[in-house]
Amino acid sequence: MTFVEERDKAFIKAVVEDDWSAVRKYSKKYNVPIPPDKDVMKAGIYKAVQYCTNIPDDVKALAMKKCFKLGFTPFIEVMGGTQHDD
């Protein structure tokens, strides 16, 4: 399984089943730090899901709903304005 496939599988399990064990395992394996605040960690995953091209739209919609429920916006915004690719 590739890095991306493993990530997507962990994200889907977290969003759909509210099971964060795969995210923790993935983070440990690839040395990706997890924020100590659970809500911040969850919101980060919910936001990241929006930009994963292989995650189904229904999972993205659920992640968006859960992100709003936590009080966060489900999108990644650049501070100081809109990001441009120039």
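(A) Summary view of the pattern of salt bridges. Under the counting rule described, the total for this entry stands at three salt bridges. With its nearest N and O atoms 3.2 Å apart, the salt bridge here joins K29 to E6. With a gap of 23 residues between them, K29 in helix 2 (residues 21-29) and E6 in helix 1 (residues 3-17) connect regions that are remote in the sequence. Close ionic contact of R7 with D8 constitutes a salt bridge, the shortest N to O distance being 2.8 Å. Overall, the relative accessible area of 6% leaves D8 in the buried class.

(B) Summary view of the nonpolar core. Formed by 17 residues in total, the largest nonpolar core has its most connected members in F11, W20, V23 and V49. Looking at this core, the elements with two or more residues in it are helix 1, helix 2, helix 3 (38-49) and helix 4 (57-69). When residues no more than four places from it in sequence are discounted, the contact partners of W20 are A14, M41, K42, I45 and Y46.

(C) Representation of the environment of S27 in the model. Within the secondary structure layout, S27 lies in helix 2. Note: C-alpha distance between S27 and A10 (17 residues apart in sequence) is 9.8 Å. Those residues in contact with S27 that sit more than four places away from it in its chain are V32 and I34.

(D) Spotlight on the packing of helix 3 against helix 4. Closest axis-to-axis distance for the helix 3/helix 4 pair is 9 Å, and the angle between their directions is 145°. Note that helix 3 runs across helix 4; the crossing there is left-handed. On the side of helix 3, the interface is formed by A43, Y46, K47 and V49, while helix 4 contributes V59, K60, A63, K66 and C67. Taken together, the residues of the contact of helix 3 with helix 4 break down into six nonpolar, no polar and three charged.

(E) Structural detail: a nonpolar patch on the surface. Taken together, the side chains of Y51, F75 and I76 define a hydrophobic patch exposed on the protein surface, amounting to about 330 Å² of accessible area. Note on placement: Y51 falls in the loop between helix 3 and helix 4.

(F) Structural view of helix 4. The first and last C-alpha atoms of helix 4 sit 18 Å apart over 13 residues, in line with the 18 Å expected at 1.5 Å per residue. Among all positions of helix 4, only V59, K60, A63 and C67 are buried. Down the axis of helix 4, the smallest arc covering the buried residues is 100°, so these residues share one side. Residues of helix 4 that are exposed and point over 90 degrees away from its buried face: D57, D58, K65 and K69. On the buried face of helix 4, the contacting elements are helix 1 and helix 3. Downstream of helix 4 by one or two residues, G71 has phi in the positive range, about 95°.

Reading the values: the criteria
- Residues numbered from 1 in each chain as written.
- Predicted model: local features only at pLDDT ≥ 70, side-chain atom pairs only at ≥ 80, totals over all residues.
- Heavy atoms only, no water.
- Salt bridge = Lys/Arg side-chain N within 4 Å of Asp/Glu carboxyl O.
- Helix = DSSP H or I, 4+ residues; strand = E, 2+ residues; numbered from the N terminus.
- Buried < 20%, exposed > 50% of the residue type's maximum accessible area, 1.4 Å probe, protein only.
- Core = buried A, V, L, I, M, F, W, Y, C linked by side-chain atoms within 4.5 Å.
- Contact = heavy atoms within 4.5 Å.
- Axes fitted to C-alpha atoms, helices over the stretch in contact; angles between N-to-C directions.
- Left-handed = near helix turned anticlockwise from the far one by under 90°.
- Nonpolar A, V, L, I, M, F, W, Y, C, P; charged D, E, K, R; others polar.
- Patch = residues over 30% accessible without salt bridge, like charges linked within 9 Å, V, L, I, M, F, W, Y side chains within 5 Å.
- Areas by Shrake-Rupley, 256 points an atom, 1.4 Å probe, with all protein chains shown as cover.
- Expected span 1.5 Å × (residues − 1).
- Arc of directions from axis to C-beta.

Honestly, that's just the spatial picture; any functional story needs more than this.
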